[in-house]
Amino acid sequence: MHFFQSVAVGALAAAAVASPLGVPHSVHEKRPEAATGWAKRDVLDRRAILPMKVGLAQSNVDQGWNWLKEVSVPTSSKYGQHWSAKDIAEAFAPSTETVDAAKNWLTLAGISESRIKQSQGLNWLEFDATVDEAEELLKTKYHVYEHEATGQPHVACDEYSIPTHLREHIDLVYPTVHFDAKIKSRDDGLELEKRDGTFGHGRGPRGPGGGPWGGPGGGWRMPHHHRPTNDLANCDVHITPDCLRALYRFPVNYRANPKNSFGIVEYTPEAYVPSDLDLFFANFSQRSIGERPIFDSIDGGVNQQTNMSFNFNGESDLDLEYSMTLVYPQPVTLYQVGDLVEGASFNNFLDAIDASYCSYDGGDDPTQDAKYPDPYGGYQGPENCGGFAATKVISTSYAYNEADLTPFYEQRQCHEYMKLGMMGVSVLYSSGDYGVAGNGGQCITSPVGAVNATYNNGTSGRFNPSFPGTCPYITSVGATQVKNNTNIVTALATGTQPEEACETVIYSGGGFSNVFPLPEYQADAVHHWFADYPPPYGPDRFNNSQQTRGLPDMSANGANYIIAIDGNFSLVYGTSASTPTTGSILTLINQARLDKGKSSIGFINPVIYAHPEILNDITEGGNQGCGTPGFESAPGWDPVTGLGTPNYPKMLKLWVDELN
C-alpha cells in the first residue's frame, strides 16, 4: 500500500515498550462510522509500517485575530499596515514547551529520539512506527478500508487518544480517523478519469456545486452560430463583461500598476484553451487578443490539451476570459495546481505560496493532500514548498463540504488564510451552487459533529455548508441574477434594483457553519437577520445557535455568462462566475490604492460589514435545498447573497479616499 514506508520492522518492534502507567488519556478525535463509500475490511497487517505525523499546536493563534483586526478594521490606526512573511513565521512558531512535551510523550512510549524528526517548519514530529507501536501509543485499533467503487485501500481507526495533558499541545495525529484519501481508479489512476461534477482527480476539492455550474450537464450551450451581443438590453438573458460593468458601475481599465496582482487558482486536469480565450477576446476585449495568463505550475500543474470538453475546460475558460477582460492590461496569474495523475488540494496550493505551510500551521495530510514526487508515476519533481508569490487577490471556485473534513484540518487551514489576510491578501472562495445543500445537492444525514459525514441525495436532511466558505478569514461569494425581462439600463437609471438571488439553474450557496464561531465583524449583521427575519427551521435543519459563522459575505452576478468553450459559445451559471468577477473588481480597487501609494485592501470583511452601504443590497430570491425553500433574501445581510453586490464608485471612494 502506498502509504506505508519500507523500513526495518524488527528494529522498530524491538524498541516498542508499554506506555507509562498512570497517565490519563482522553479521546482526541473520533469517527462514529466509516465515510460514505468505504467498507471496513481486515485488521491491519502487523508487519505494516505507518508513517506517523504528530501536528503540534502553533503558538499565539489566539492572538491572530487581534493582529488581523489591527490591519483590517477600518477604524484601526494600523489599517493597511500588513505584516511580512518573516514576521508571520516568527509570531506563530510552536512553543518550546509544546515541542518538548510531545517529544517526551513519544520517548516515554518507546519511540527513541533518534527516530523522531521535526519538520523544517517545526510544526510536525514525524516517525515510522509498527502497527503495535501506533496502536499502543494512541490506544486504538487500525483497520484496512476499501473504497467500494475503486477498490482503493485506506488505513484508518475509529478513534484515538492522547495523554490528557497534551491536548493543548497537539492538534492532530496522522494517519488516524481522517477519511479523505484520494480516490484512485483500479488501473492506479494513470489516465485522466472524467468524474461527474468534479474537477481534478484524487482528493482535490470540487467545483462549488459539485462542478462549476451546478445544473444538469454543467451549463447550457448556445448554438455555435449564435453571435454574442454586447447589447445591455439583453443582460437578463446573456451576461457579458459590459453587463457587469454596467451593473456594478466600474469602467474599462486602461492601466496596470506593477505592484498589483490578481491570481486565479485551478486544479488539474481543468485547463483553459488558448483559442477559446482569443475567440472570447475577439468579441468582448479585442485589446486582449493574444494575451495569456502568467502561468505558475505548482506540483507539476499542466494546462493539458488532451481531454477537451465542457467539464475539462469550462471552469478555467470562464475564470480567465472574464478576469483577464475586466482587469486588462493588469496581468492575471494562473496557479495551475497538481499533476495529471495525483491532482492536488488547497493545502498543496498554500504550500507553494508559503513555504512554512508545508509543515507549519498543519502542513499536508498524507490522506488528504497530494504527495510529491508523485508515487503513482506523475510529476517526479520535489513538492513545491514556497517559490511562488501570493497575489494581492486570490480567487478560487472550488470547495469541499464543511462536513467532509475534520474540524482540526479545517481550523489549521483557516489559520493560514488568517495569515494571508495579515499580509494584505484578499482570499475569495465561491459559496456553492446548491443553495443550503452541499456539493452535488447533498444533505447531511449523520449526527451533528460526526467526522466524515454521511449524505443523501438532497431530498431531506440537515443543511450542508461549504468549506473554506465557513472560514471567517476568507470572503465567501454568492450569486445573483438579473431579474427576468429587466433592462438594467432603465432599472439603474430609475434607482430600481435589477438583480435578485440566483434561482436560474443554480441557487446561491449559503448557511451557517457547524465548526467556526461567529466572527466579531459579522455578529451584528447575523443577529439582526435572526431577529428581523427568523427562518422557519430548527436545529434539526441547521445550526441556529446564532453563534456560528454565516455565509456568504457578498455576491455578484452568476447567471447566463457567455463564455467561449471548445470553439463555441455557451452560457454558464454559478458562484464560479461571481467569484472571479468580484476578484476583478477588488483588483481594480487595489490598483487605485496602489497608484496613490497606499497598501492593498487585504482582508475585506471587517470593512464591508462596517460599511454595508458600499454594496447593493439584494432583497429578493432564495436558495432552496434539502427539500426546503432554503433561506430568503432580506434587507441587510442574509445567508443567500450576504451583504449584496459591488458598488464600485462607493467602494472606490471609501477605500481610496477615506481609509489609510
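Model, not experiment: these values are computed from the prediction. (Residues numbered from 1 in each chain as written. Predicted model: local features only at pLDDT ≥ 70, side-chain atom pairs only at ≥ 80, totals over all residues. Heavy atoms only, no water.)

## Structural notes on the sheet that holds strand E3 (residues 49-56)
Reasoning step 1: If you trace the four strands from one edge of the open sheet to the other, you get E4-E5-E3-E9, paired in antiparallel fashion. The strands lining the two open edges of the sheet, one partner per strand, are strand E4 (117-118) and strand E9 (170-174).
Reasoning step 2: In the sheet, E3 pairs with strand E5 (residues 124-130) via seven bridges, with the strands oriented antiparallel. Bridged to Val54 within E5 is Leu125. (Pairing = 2+ DSSP bridges. Helix = DSSP H or I, 4+ residues; strand = E, 2+ residues; numbered from the N terminus.)

## Topic: the pairing of strand E20 (residues 475-482)
Reasoning step 1: The buried count for E20 comes to eight of eight residues, which makes it a mostly enclosed element.
Reasoning step 2: Judged from the three bridges that link them, strand E16 (residues 426-430) and E20 form a sheet pairing that is parallel. Looking at the pairing, Leu428 lines up with Thr475 of E20.
Reasoning step 3: Alignment of E20 against strand E21 (residues 499-501), held across three bridges, turns out to be antiparallel. What sits directly across from Thr480, in E21, is Ala501. (Buried < 20%, exposed > 50% of the residue type's maximum accessible area, 1.4 Å probe, protein only.)

## Overview of the side chain of Glu402
Reasoning step 1: By secondary structure assignment, the location of Glu402 is in the loop between strand E15 (400-401) and helix H10 (407-422).
Reasoning step 2: For Glu402, which is buried and forms no salt bridge, the nearest opposite charge comes from Arg462, at a distance of 8.0 Å.
Reasoning step 3: Polar side-chain contacts of Glu402 include one of 2.6 Å to the side chain of Ser513.
Reasoning step 4: A distance of 2.8 Å separates a polar atom in the side chain of Glu402 from the backbone nitrogen of Asn514.
Reasoning step 5: Setting aside residues no more than four positions away along its own chain, Glu402 makes contact with Glu410, Pro465, Ser466, Phe467, Thr470, Ser513, Asn514, Val515 and Phe516. (Lys, Arg positive; Asp, Glu negative; His and termini not counted. Salt bridge = Lys/Arg side-chain N within 4 Å of Asp/Glu carboxyl O. Polar contact = N/O pair within 3.5 Å; in protein donor to acceptor, adjacent residues only side chain to side chain. Contact = heavy atoms within 4.5 Å.)

## Concerning the nonpolar core
Reasoning step 1: Residues Phe349, Tyr417 and Trp655 are the most contacted members of the largest nonpolar core, which totals 156 residues.
Reasoning step 2: Looking at which element gives the most residues to this core, the answer is helix H8 (residues 310-327), with seven residues.
Reasoning step 3: The contacts of Phe349, once residues within four sequence positions are left out, are Val265, Tyr267, Ile298, Tyr335, Val337 and Ile394. (Core = buried A, V, L, I, M, F, W, Y, C linked by side-chain atoms within 4.5 Å.)

## Section: the UniProt feature "binding site: Ca(2+)" (unreviewed entry) in the protein
Reasoning step 1: In the numbering adopted here, UniProt assigns the feature "binding site: Ca(2+)" (unreviewed entry) to Asp617, Ile618, Gly636 and Asp638. A maximum C-alpha distance of 9.8 Å places the annotated residues, which cover 22 residues in sequence, within one compact spot.
Reasoning step 2: Positionally, Asp617 belongs in the loop between strand E27 (615-616) and strand E28 (645-646).
Reasoning step 3: In this structure Asp617 comes out as partly exposed when scored by relative accessible area, which is 30%. (UniProt positions renumbered as here; feature names shortened; annotations may be inferred.)

## Overview of the UniProt feature "active site" (unreviewed entry) in the protein
Reasoning step 1: According to UniProt, the "active site" (unreviewed entry) feature falls on Glu315, Asp319 and Ser576. Judged by maximum C-alpha separation, these annotated positions cover 262 residues in sequence but sit close together in space, the widest gap being only 7.5 Å.
Reasoning step 2: With respect to the helices and strands, the residue Glu315 is situated in helix H8.
Reasoning step 3: Of the residues examined, Glu315 reaches a relative accessible area of 1% and is grouped as buried.
Reasoning step 4: With respect to the secondary-structure elements, Ser576 resides in helix H13 (residues 575-595).

## Some thoughts on the confidence of the model for the protein
Segments scoring low in pLDDT should not have their predicted coordinates read at a detailed level.
Reasoning step 1: Averaged over all residues, the pLDDT of the protein is 87; the fraction at 70 or higher stands at 86%.
Reasoning step 2: Note on residues 1-19: pLDDT is under 50 here. Beyond four places in sequence and across chains, it has 47 contacts. (pLDDT = per-residue confidence, 0-100.)

## Let's talk about the environment of Leu334
Reasoning step 1: Along the chain, Leu334 turns up in strand E13 (residues 333-337).
Reasoning step 2: Those residues in contact with Leu334 that sit more than four places away from it in its chain are Ile264, Glu266, Tyr272, Pro293, Ile294, Phe295, Asp296 and Leu320.

## Brief notes about the environment of Asn303
Reasoning step 1: Residue placement: Asn303 occurs in the loop between strand E12 (294-298) and H8.
Reasoning step 2: Taking the C-alpha atoms as reference, Asn303 lies 9.7 Å from Asp339; in sequence the two are 36 residues apart.
Reasoning step 3: Not counting the four nearest positions on each side in its chain, Asn303 is found in contact with Ala271, Tyr272, Pro274 and Phe295.
Reasoning step 4: Of the polar contacts made by the side chain of Asn303, one reaches the backbone nitrogen of Tyr272; its length is 2.9 Å.

## Thoughts on the sheet that holds strand E6 (residues 142-147)
Reasoning step 1: Read from one edge to the other, the open sheet built from three strands follows the order E2-E6-E7, with strand pairing classed as antiparallel. Looking at strand neighbours, the two that pair on one side only are strand E2 (38-43) and strand E7 (153-157), the edges of this open sheet. If you compare each strand with its neighbour and ignore which way they point, the axes differ by 40° on average.
Reasoning step 2: Direction of pairing for E6 relative to E7: antiparallel, over a ladder of five bridges. Its bridge partner lying in E7, Glu146 is registered against Pro153. (Axes fitted to C-alpha atoms, helices over the stretch in contact; angles between N-to-C directions.)

## Remarks on the state of the cysteines
Two cysteines form a disulfide when their sulfur atoms are joined by a covalent bond.
Reasoning step 1: Throughout the structure, instances matching the rule amount to three disulfides.
Reasoning step 2: The disulfide partner of Cys235 is Cys243, and the gap between their sulfur atoms is 2.0 Å. Handedness of the Cys235-Cys243 disulfide follows from its S-S torsion of about -85°: it is left-handed. Neither Cys235 nor Cys243 differs from the other in exposure class; each is buried.
Reasoning step 3: Across a sulfur-sulfur distance of 2.0 Å, Cys414 and Cys471 are joined as a disulfide pair. The disulfide joining Cys414 to Cys471 has a torsion of about 80° about its S-S bond and is therefore right-handed. Separated by 57 residues along the polypeptide, Cys414 in helix H10 and Cys471 in the loop between strand E19 (466-467) and E20 bring together distant segments of the chain.
Reasoning step 4: Judged by its relative accessible area of 0%, Cys471 is buried. (Disulfide = S-S within 2.5 Å.)

## Looking at the packing of aromatic side chains
Reasoning step 1: Within the structure shown, the criterion is met by 34 aromatic pairs.
Reasoning step 2: Judged by centre distance (5.2 Å) and plane angle (70°), the rings of Phe346 and Tyr429 are edge-to-face. Taken together, the residues Phe346 in helix H9 (residues 346-353) and Tyr429 in strand E16 connect sequence positions 83 residues apart. Residues Phe346 and Tyr429 agree in their burial class; the two are buried. (Phe/Tyr/Trp six-rings, centres within 6.5 Å; stacked < 30°, edge-to-face > 60°.)

## Some thoughts on the packing of H8 against H13
The packing of two helices is summarised by the inter-axis angle and the distance between the axes.
Reasoning step 1: Where H8 contacts H13, the two axes come as close as 9 Å, and the packing angle between them is 25°. In this view, H8 runs roughly parallel relative to H13, as classed from their interaxial angle. Where H8 crosses over H13, the two elements pack in a sense that is right-handed. The residues of H13 that touch H8, namely those facing Glu315, Leu318, Asp319, Tyr322, Ser323, Leu326 and Val327, are Ser576, Ala577, Pro580, Thr581, Ser584, Thr587 and Leu588.
Reasoning step 2: Its residues assigned to classes, the contact of H8 with H13 comprises seven nonpolar, five polar and two charged. (Parallel < 35°, antiparallel > 145°, perpendicular 65-115°, else oblique. Left-handed = near helix turned anticlockwise from the far one by under 90°. Nonpolar A, V, L, I, M, F, W, Y, C, P; charged D, E, K, R; others polar.)

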